Structures are given as C-alpha cells and as structure tokens.
Amino acid sequence: MRSLRISLLAMAFLCLAVSCSKDEAVVPEEELNFSFDIDVNLANKTDWVMANEILQLLNDHRQGIGLQPLKLDNQYGSAYSVQHTDYMIINGRVSHDNFGTRASGMRERGAKMVGENVAYGYTSAEEVVFAWLNSPGHRETIESDYTHAGFGIVQDARGTYYFTNLFYSK
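Residues numbered from 1 in each chain as written. Predicted model: local features only at pLDDT ≥ 70, side-chain atom pairs only at ≥ 80, totals over all residues. Heavy atoms only, no water.

Turning our attention to the packing of aromatic side chains. Inspection of the entire model under this criterion finds three aromatic pairs. Pairing Tyr146 with Phe167 gives two aromatic rings, centres 5.7 Å apart and planes at 35°, and the pair type is tilted. A residue pair is termed long-range when its members are at least 10 positions apart, and Tyr146 in the loop between helix H6 (136-142) and strand S4 (148-155) and Phe167 in strand S5 (residues 161-169) qualify at 21 residues. Of the two residues examined, Tyr146 and Phe167, each falls in the buried class. (Phe/Tyr/Trp six-rings, centres within 6.5 Å; stacked < 30°, edge-to-face > 60°. Helix = DSSP H or I, 4+ residues; strand = E, 2+ residues; numbered from the N terminus. Buried < 20%, exposed > 50% of the residue type's maximum accessible area, 1.4 Å probe, protein only.)

Between helix H3 (residues 76-91) and helix H4 (residues 99-108), the shortest axis-to-axis distance is 10 Å and the interhelical angle comes to 165°. Classed by the angle they form, the pair H3 and H4 counts as roughly antiparallel. Our pair here, H3 against H4, has a crossing hand that is right-handed. Facing Tyr76, Gly77, Tyr80 and His84 of H3, the residues of H4 in contact are Arg102, Gly105 and Met106. Across the contact of H3 with H4, the residue classes tally to three nonpolar, three polar and one charged. (Axes fitted to C-alpha atoms, helices over the stretch in contact; angles between N-to-C directions. Parallel < 35°, antiparallel > 145°, perpendicular 65-115°, else oblique. Left-handed = near helix turned anticlockwise from the far one by under 90°. Contact = heavy atoms within 4.5 Å. Nonpolar A, V, L, I, M, F, W, Y, C, P; charged D, E, K, R; others polar.)

Across the eight residues that make up S4, a large majority, seven, are buried. Remark: five residues form the turn of the hairpin made by S4 and S5, two consecutive strands paired antiparallel; Gly159 in that turn has positive phi of roughly 90°. (Pairing = 2+ DSSP bridges.)

Spelled out as structure tokens, the structure:
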C-alpha cells in the first residue's frame, strides 16, 4: 500500500512537473482585452546557456526523425516565454495560464501555429528534454510542424528552474 501511495505521489509530481499546450486552447474572456505588447528585453533574463543546450537537444531529436531544426527566437518568443516563467514563479506552480494571450501575441507577429511546453524542478537541459520526450503530449509538441522556439528559463529565489518553451511556425 505504501509503494502504491509513493507511486501515486511520484505520478502527481510528474504531472505537475511538465505540461504542454497547443494552439487549440480556448482564450478565456478576460484575455480578450489584453494588450499583446511585450518588452523584448525580457528575453535577456533567460538562462541562455541552458536554452541553447535544450534547443540543440530538441533539434538533434527532430533531425533524427526527419524534421527540420527549430530556429532560435531570442526576441518575442523568448520574451513571452520569460514573462510566463516569471508568472509561474510568482504563483509557485506550473501552468499554461494565459496561453491564449501568448499565442495571440505571436500570431500578431506572423505566427501561424503556436504551442508550448512548461516544466519546473529539472536541473539540466538533458533532464527536461528527456521528460518532455517521454510524455506523449510534450513529444507531440516537439515533433509538430514548428519552425521557431523561444525560451523562458529562470530560477526562483531558491534556485529551482522554471521552464517555458514556446514553439511557433511562420
């Protein structure tokens, strides 16, 4: 019984630790009047060493299955990603809250399709990419017909990493 309880706790943590979303998300009514403006300087806040490692791992995987590599968006896609990562840190939980706003902001800038993966608690690029690739929903996002990726990788005050990986195609 104890091992079942531990397994259920581990599964609950895994469900909280990683999450993904696609463009099909319904935009809540409160977001309809939201401004899509964003300060691209927010992108500077991301951990670019880890972001580049994640991008390389994602592209290695994509190329291994015959997909085109993702291009790094270190401007709007990453600014929206950092903004959401900061939001998750403030709230102390992983979420796709306001995804519709991020997707609309990217569509205003020419994106045709938008998706995202989020996570927290991983300490390396390898760990988070491994987790995403071992989750059917996350893998589907990674293997979709996206052309670009933005990253919001920020540590909270305790040093825990939070991740937002925004994917889009132009």
